[in-house]
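# Breakdown of the fold
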Amino acid sequence: MTFHAIPGEGLPAASCPLRIVDEQGRELEWANRFLDAQCVRGLAPLSLRSYTYKVLHFVRWWSRQPGVDVMRFSAGQFTEATLVDYVRDQLNEQPKPAPENVNNRSSMLRRLFRFYFHDEMPHAPYLMQRGRMAVAADLKVKVPQRVIVPLQTEQVARFWRSFRTARDLAIVALMLLNGLRSREVLALKLGDLLFSEALIRVHGKGARIRMLPLPPETVRILQCWLRTERPLTNTPEVFVSLKGKARGQAMTPAGLRSLFRHHRSTSGVAPANPHRFRHTFGSDMIRAGVSLPALQRLMGHAYIHTTLLYIQLTPQDVFAEYARAVEQIARLDQPPLE
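Reading the values: the criteria
- Residues numbered from 1 in each chain as written.
- Predicted model: local features only at pLDDT ≥ 70, side-chain atom pairs only at ≥ 80, totals over all residues.
- Heavy atoms only, no water.
- Pairing = 2+ DSSP bridges.
- Helix = DSSP H or I, 4+ residues; strand = E, 2+ residues; numbered from the N terminus.
- Salt bridge = Lys/Arg side-chain N within 4 Å of Asp/Glu carboxyl O.
- Buried < 20%, exposed > 50% of the residue type's maximum accessible area, 1.4 Å probe, protein only.
- Core = buried A, V, L, I, M, F, W, Y, C linked by side-chain atoms within 4.5 Å.
- Contact = heavy atoms within 4.5 Å.
- Patch = residues over 30% accessible without salt bridge, like charges linked within 9 Å, V, L, I, M, F, W, Y side chains within 5 Å.
- Areas by Shrake-Rupley, 256 points an atom, 1.4 Å probe, with all protein chains shown as cover.

What follows concerns the sheet that holds strand S5 (residues 193-194). The 3 strands are arranged S5-S6-S7 in an open sheet whose pairing can be described as antiparallel. At either end of the open sheet lies a strand with only one pairing partner, and these are S5 and strand S7 (209-213). Strand direction decides the pairing type here: S5 and strand S6 (residues 199-203), joined by 2 bridges, are antiparallel. Pairing of Leu 194 across the sheet is with Leu 199, part of S6.

Moving on: the pattern of salt bridges. According to the stated counting rule, one finds 12 salt bridges in the structure shown. Across the salt bridge formed by Arg 181 and Glu 184, the nearest N and O atoms sit 2.5 Å from each other. By relative accessible area, which is 12% here, Arg 181 ends up buried. The closest approach of N and O atoms between Glu 184 and Arg 210, which form a salt bridge, is 3.0 Å. Of this pair, Glu 184 sits in helix H7 (residues 182-187) while Arg 210 is found in strand S7, placing the two residues 26 residues apart along the sequence.

Counting 45 residues, the largest nonpolar core has Ile 171, Leu 174, Phe 239 and Phe 277 as the members making the most contacts within it. Secondary-structure elements contributing two or more residues to this core are helix H5 (153-161), helix H6 (166-178), H7, S6, helix H8 (216-229), helix H9 (253-267), helix H10 (274-287) and helix H11 (292-299). Ranked by the residues each element gives to this core, the list is headed by H6, at 9 residues. Phe 277 has contacts with Leu 151, Val 156, Phe 159, Val 172, Met 175, Leu 176, Phe 260 and Ala 272, leaving out every residue within four places of it along the chain. Of all hydrophobic cores here, the second largest spans 34 residues; its members include Cys 39, Tyr 51, Val 55 and Tyr 86.

On the surface, Ile 304, Leu 308 and Ile 311 cluster together to form a nonpolar patch covering roughly 230 Å² of accessible area. The residue Ile 311 is located in the loop between helix H12 (304-308) and helix H13 (315-333) in this model. Its relative accessible area of 40% is what places Ile 311 among the partly exposed residues.

Now the structure itself:
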């Protein structure tokens, strides 16, 4: 039995727009009911899509397990051992999924358990399975420490020089000078640009909205794009396509990826992707002395530990800090002049 995610038609407003169905088009009722509940919670369309494909990945794996009736969802079938086996089989896949993906899928399964059984998934420190010791059910795969690698000044300048339109310059400016995510850039509406107040309204993850200052450089580039290049269109999004059949329509994630691929090729700056510019913004802010709470707000991080990743001092930074401290200590130790 195979399963797919397809767009739903004629669904109530509170339903997830994607439905999980079998090869005959029959809905997997328990899975779609869980997804509908996430829609009622107010999850953004992108989050709903992510949830759908996490559930689909599990359903496809579960349907291949011996003795499982995947059309039914019961406490007898869905246990802590299910989660352990699911994680173990993912780690045996080739290519192996990223640890973050494995952990996100595990979190989704625990949420699924809570939704149906109104309790946390039970687990013991160790479980015996088929005569061997298994891992704990709340297992989290160890995730390698993330290393934030900003672009060098020369790389930014070289990439920047490869652009020929105010639209593309404005996109990069919002990432480099305001730290916006690529999806946040594409989601910007004309009404989000508050030029008279030098502010921008950003719709971030988790439906969180933040107001950010707009530096004069970004204001000038945005106004140039809106006044001289942007096609006449009723599309409310700030950034639209300039050529082809899609001219005047909202720019898509695929279009943005294509744009960056082209400019990486022409500029020769291989690591220049949208998120690397956001990393560069965060690193520049830390070097400029911006406090962690302020940077957390600027970047729209839900948790401060994400912002802490940007505090990664180079040996040169450490040496400079040490030299300043030694100089200060030396001045304090000097006796006062008579």
